[in-house]
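Structural features, examined
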Amino acid sequence: MSKEGISSIQELIENFLLTNQDKILFAHKKGYRTYTINGKELFEKVQKTRVFLKNKNIESSDKIIILGTNSIEWITVYFACILSGIIVVPLDTLTDKLLLKKIQKQVKAKAIFQDRGLASIGFVPNKIKQFYLDELDNILKNVNIDTRANLPTTKTRPNDILEIIYTSGTTSNPKGVILTNENITAGVNAAISSISLKIRLRMLNLLPLSHIFGQIQGLFLLMHFNHKIFFLDSIQPRKIISFIKNKKINGVALVPGILSALKKELEGKSVLLNLGVQFRLIGVGGASLDTELERWWKRRLIIVIQGYGLTETASVVSVNKIGASKTGSVGKVYENLEIKLGKDNEILVKGKNVTPGYFNDQIKTKQAFEDGWFKTGDIGEIKNSYLYLKERKKDIIITPSGLNVYPKDIESTLNKIPVVEESSVLEKDKKIHAVLILKEKADISEVVKKANEKLLSHQKITGYSVWPYKDFPKTHTGKVKKHIILQEISKLKTKPHSYENKLYNVINNVLKSHQKINLKSKLSDLGMDSLRRVELISELEKEFDVEINEVKLNQFTKVSDIEEIMKESHIQKIKFKKWPISSISRLVRYVFQKLLVFPLLRIFTKTDYYGLENLRHIEKLKKPVIFASNHQSALDSPVIIKKLQLPIAIPADSNYVFGIGTEGPFILRLYKRLRGYLIALFFNAYPFGETIGTNTSLEFTGEMLDNGYSILIFPEAHRTTDGKIKAFKSGIGYLALNMQALIIPVKIKGLYEILTVRKTIPKFGKSKVIIGKPITPEKLKDLSYINATKLIEEKVKEL
Amino acid sequence: MEVKVGCDIVEIKRFIKIEEETLNKIFHKTELKNPNPETLAGLFAAKESCKKVFNNLSWHDIEIKKKRNGKPDLILKTEKNIISHDLSISHDRDYAIATVVFLIKRGGT
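Residues numbered from 1 in each chain as written. Chains lettered and ligands numbered in written order. Predicted model: local features only at pLDDT ≥ 70, side-chain atom pairs only at ≥ 80, totals over all residues. Heavy atoms only, no water.

1. Focus on the overall build of chain A
Scanning chain A from N- to C-terminus turns up 27 helices and 32 strands. In terms of overall dimensions, chain A is globule-like: its C-alpha atoms have a radius of gyration of 30 Å, near the 28 Å expected for 799 residues. Here the C-alpha coordinates of chain A stretch approximately 95 × 75 × 50 Å along the principal axes. Looking at the 799 residues of chain A, the share that counts as buried comes to 54%. In chain A, the share of contacts with a sequence separation of at least 24, taken over all contacts with a separation of at least 6, comes to 68%. Total accessible area computed for chain A in this model is approximately 37,300 Å², and 52% of it derives from carbon and sulfur atoms. For chain A, the centre of its 124 positive side-chain charges and the centre of its 81 negative side-chain charges are spaced 4 Å apart. (Helix = DSSP H or I, 4+ residues; strand = E, 2+ residues; numbered from the N terminus. Rg over C-alpha atoms; globule rule 2.2 N^0.38 Å. Buried < 20%, exposed > 50% of the residue type's maximum accessible area, 1.4 Å probe, protein only. Contact = heavy atoms within 4.5 Å. Areas by Shrake-Rupley, 256 points an atom, 1.4 Å probe, with all protein chains shown as cover. Lys, Arg positive; Asp, Glu negative; His and termini not counted. Charge placed at Lys NZ, Arg CZ, Asp CG, Glu CD.)

What follows is the structure, given as structure tokens:
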């Protein structure tokens, strides 16, 4: 970890992989499970990928498109290309068919590696080999590599192109920014020189790897300091917050848009409790950061590092160093680059990190430079060697009298007014027009009046509208698309109302209209067909904490009924509790079970265990599994656990066992709560069921599995009342398909007779436990959850 | 025995920029293997047709598999009271349409 920097990206990658053979380098949460990889495994994967590419005749200087969300597979292909001298063209996941076509026309890539789930891409250009990132492991299965000596890193020169990054959307011709080895290396070195975090941290990278910020600040910089890097497949604030808490994340790299969404979610709550005391650091960039937002986080004693840079400058121009940061500024300029203010105070940059130009576009390249200086298009000012961003050149409004108005000034004034959620100021009909998103119903003319009192005469807002949707249209990095806002508000004929009722807003969002909603209207009257009703349910579930059964919401449902339905479907949002898996709890549990429970069991029953060879096989795998068993009595769990030398977690009904969501007298709820704590302590049970919702139930199961605990579940949900095995509930099908763990069928015999449901005193007798062969993922792969449930039920019955 | 029929027609373009949560509510993972708008529209129309016949079927109670010859195979969570069923899906330019026919025991829906 030298502070001097790196000499090349290839060297950085090699060092990172080879010095961290046994350490986990990347962790990616996909769905309900987290996937991890250590240095040795990743190195092998990268080398195999390089051989694979070679076999497909893709060589140094050829181009490959990578199109997908952050993942271990993305990193693998990226590293493989860099080490082989293959030029990478990383694309934003929002790239559509048209843009992909245009880009491919320019770069003529030989192959594309993409996420299978991206529905918008149906187009595969001719002569391009297509591979799916999620199938990388399968693709590499048949690739053999012997020793590292066989495939040395391809030698590349500083001026060789490492990647081409496309920045603009389809509204104009795409511009590919060329970034050479030297550019990226200079970018990483600049970043390293200003930040010195010497301890190994757990960092969450929410910046897309397809963007230069994500690569330099969210990847290479963190690799240099040997941090553990996490990826998450969601940008929902709630999911991010619980991930940070559960995985003990120390810091996060993200764009201002997500930072603002996190703040909104944590408003009124304790940041310390919700994110954990280990969370200390936020690295933000990619779009302008509102000063109020920055202050909010700093007031909560979290270090906020804001950086400024562009793709063309390899993400680095300036940064606020830890300990020397100035709120509102984008920091001091990095060493080894120069900036100066040109005409109109435009920021100009020079340095080894600056791109040589745009791919195959002499004209645009010439336009972007002036006497060897790169024109950023941003207006700024320098005070006491700190850089302040004033505005994007193209966003500046010039008044009829020739005065410059910077929309950011007006937006920050508006944003200070409490009822304003977000604002965007642009030029409309030659007037200064403010578009507002309000937190609640308010008189917009009053809001504008208040703001105007604080603005100078040439800055005053003379036109305004309320934005009828939840968010402004933004780019993937969070930059507001002002031209689209302008288009939309020009379409609005009358001043739209901002409804006080969140429900009306959601309905209008789905209908993409802004009409007044009559409580008595049926959904079909409002133009909601069945597809829209599904979208409505998704939106309602996101906005409010509910899980709505689609059967309850049909075309005859009136708007007035919806509130009732939501009240019934309210789920309790609870967090995953880690205390039952702490060392103390484990010790207490061990003692309790070994000294009390198991001996007691032996008094009532002698159990014969069959299928133990299957158990040995599972133990060798060292990966947690899911045991699915029929349910005969209250003794089932201890009887099964007794023989399993594995850590086990047992899902138990959230209402019945834990008292979550129980109505009734306080004393009943208290009793259930206490009983829940005891069962969690002595048997490692965790809440699962309707009152906390399917999603949370699955999340908790995933967390337990990630922590190394195998799951013991009884898919019948209730103990048998007649000794026969009843139909399995479909929850097990969901688990089988979503948890990436082997399913082991288990059958119990004899316990029904020993302790029938509703009896309290067990009889004496013999019992049997049969452990079946694991159900391989191949058998489940193509099944729906209905059929998966049926299959598992069959397997258990067969035993 | 009774014959029941359901049909539905839907615009393909409504499945172009559709949200993942909505897709997951309607379709099984296996049905999302080819997530192009035409396929999705056809599957949606097929499921909606079934729901018109059986009012309390939910999206996930229905699974449609494509056989090798292209003909869709309909799988329901419970086949109670259903003697026989058949499904047909068609596409033309901007629309997808599906028709499903059930032969059920009397009083079965």
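2. Remarks on helix H6 (residues 181-194) of chain A
Residues and elements named next belong to chain A. Between its first and last C-alpha, H6 extends 20 Å over 14 residues, near the 20 Å set by a 1.5 Å rise per residue. Most of H6 sits out of view: 12 of its 14 residues are buried. Among the residues of H6, Asn181, Asn183, Ile184, Thr185, Ala186, Gly187, Val188, Ala190, Ala191, Ile192, Ser193 and Ser194 are the ones counted as buried. Residues of H6 that are buried in the fold lie against helix H1 (9-18), strand S7 (161-166), strand S8 (176-180), helix H7 (212-224) and strand S14 (318-319). (Expected span 1.5 Å × (residues − 1).)

3. Side note on a positive patch on the surface
On the surface, Lys245, Lys248, Lys575, Lys577, Arg669 and Arg673 of chain A cluster together into a patch of positive charge. With respect to the secondary-structure elements, Lys577 of chain A resides in the loop between helix H18 (559-568) and helix H19 (583-604). (Patch = residues over 30% accessible without salt bridge, like charges linked within 9 Å, V, L, I, M, F, W, Y side chains within 5 Å. Salt bridge = Lys/Arg side-chain N within 4 Å of Asp/Glu carboxyl O.)

4. Topic: the interface of chain B and chain A
Contact with chain B, which involves 28 residues of that partner, is made by 28 residues of chain A. Contact with chain A buries area across many residues of chain B, yet Arg14, Lys25 and Lys77 of chain B alone supply 23% of it, more than any other trio. On inspection of chain B and its partner chain A, the count reaches 2 salt bridges. As a salt-bridge pair, Lys25 of chain B and Glu541 of chain A come within 2.6 Å of each other at their nearest N and O atoms. Across the contact surface, chain B and chain A share 4 residue pairs in polar contact (both at pLDDT 80 or more). For the side of chain B that touches chain A, the secondary structure elements donating two or more residues are helix H1 (20-26), helix H2 (37-53), strand S2 (62-66) and strand S3 (72-76) of chain B. Sorting elements by how many residues they give to the side of chain B that touches chain A places H1 of chain B first, with 4 residues. (Buried area = accessible area lost by both parts, 1.4 Å probe. Polar contact = N/O pair within 3.5 Å; in protein donor to acceptor, adjacent residues only side chain to side chain.)

5. So, the sheet that holds strand S32 (residues 765-771) of chain A
Residues and elements named next belong to chain A. Spatially, S26-S32-S31-S27-S30-S28-S29 is the arrangement adopted by the 7 strands of the open sheet, whose pairing is mixed. Each edge of the open sheet carries a strand with a single partner, namely strand S26 (605-610) and strand S29 (685-688). Across the sheet, the mean angle from the axis of one strand to that of its neighbour is 25 degrees, orientation sign disregarded. With 2 bridges joining them, strand S28 (residues 648-653) and strand S30 (residues 710-713) adopt parallel strand pairing. By the bridge assignment, Ile648 is partnered in S30 with Ser710. Across the face of the sheet, helix H20 (residues 612-621) comes into contact with S26, strand S27 (626-629), strand S31 (743-749) and S32 while running at roughly 45 degrees to S32. Along the sheet, helix H21 (residues 636-643) contacts S26, S27, S28, S30, S31 and S32; its crossing angle with S26, the most-contacted strand, is approximately 55 degrees. (Pairing = 2+ DSSP bridges. Axes fitted to C-alpha atoms, helices over the stretch in contact; angles between N-to-C directions.)

6. Considerations on the packing of helix H8 (residues 237-246) of chain A against helix H9 (residues 256-266) of chain A
Residue and element names in this part refer to chain A. Viewed as axis vectors pointing N to C, H8 and H9 meet at an angle of 85 degrees, and their least axial separation amounts to 9 Å. As the angle between them shows, H8 and H9 are arranged roughly perpendicular. Contacts from Pro237, Arg238, Ile240 and Ile241 in H8 reach Ile258, Ala261, Leu262, Glu265 and Leu266 in H9. Grouping the amino acids of the contact of H8 with H9 by side-chain chemistry returns 7 nonpolar, no polar and 2 charged. (Parallel < 35°, antiparallel > 145°, perpendicular 65-115°, else oblique. Nonpolar A, V, L, I, M, F, W, Y, C, P; charged D, E, K, R; others polar.)

7. What to know about H20 of chain A
Residues and elements named next belong to chain A. Looking at H20, one finds that the buried residues are Asn614, Leu615 and Ile618. Down the axis of H20, the smallest arc covering the buried residues is 100 degrees, so these residues share one side. Turned more than 90 degrees off the buried face of H20, the exposed positions are Glu613 and Lys620. Buried-residue contacts for H20 involve S27, H21, S31 and S32. (Arc of directions from axis to C-beta.)

8. Examining the packing of aromatic side chains
Residue and element names in this part refer to chain A. Going through the model one piece at a time under the given rule, you end up with 21 aromatic pairs over all chains. Ring centres of Phe604 and Phe764 lie 5.4 Å apart, and the angle between their planes is 25 degrees; on these two criteria the pair is classed as stacked. With Phe604 in helix H19 and Phe764 in the loop between helix H25 (751-754) and S32, the pair connects residues that are 160 residues apart, well separated along the chain. Residue Phe764 is classed as exposed on the basis of its relative accessible area, which comes to 62%. Chaining the aromatic ring pairs together yields one cluster made of Trp74, Tyr78, Phe79 and Phe220. In this structure, Lys30 is placed above the aromatic ring of Tyr35, and the distance from its NZ or CZ to the ring centre is 5.7 Å. The positively charged end of Lys383 is found above the aromatic ring belonging to Tyr388, 5.0 Å away from the centroid. (Phe/Tyr/Trp six-rings, centres within 6.5 Å; stacked < 30°, edge-to-face > 60°. Lys NZ or Arg CZ within 6 Å of the ring centre and 35° of its normal.)

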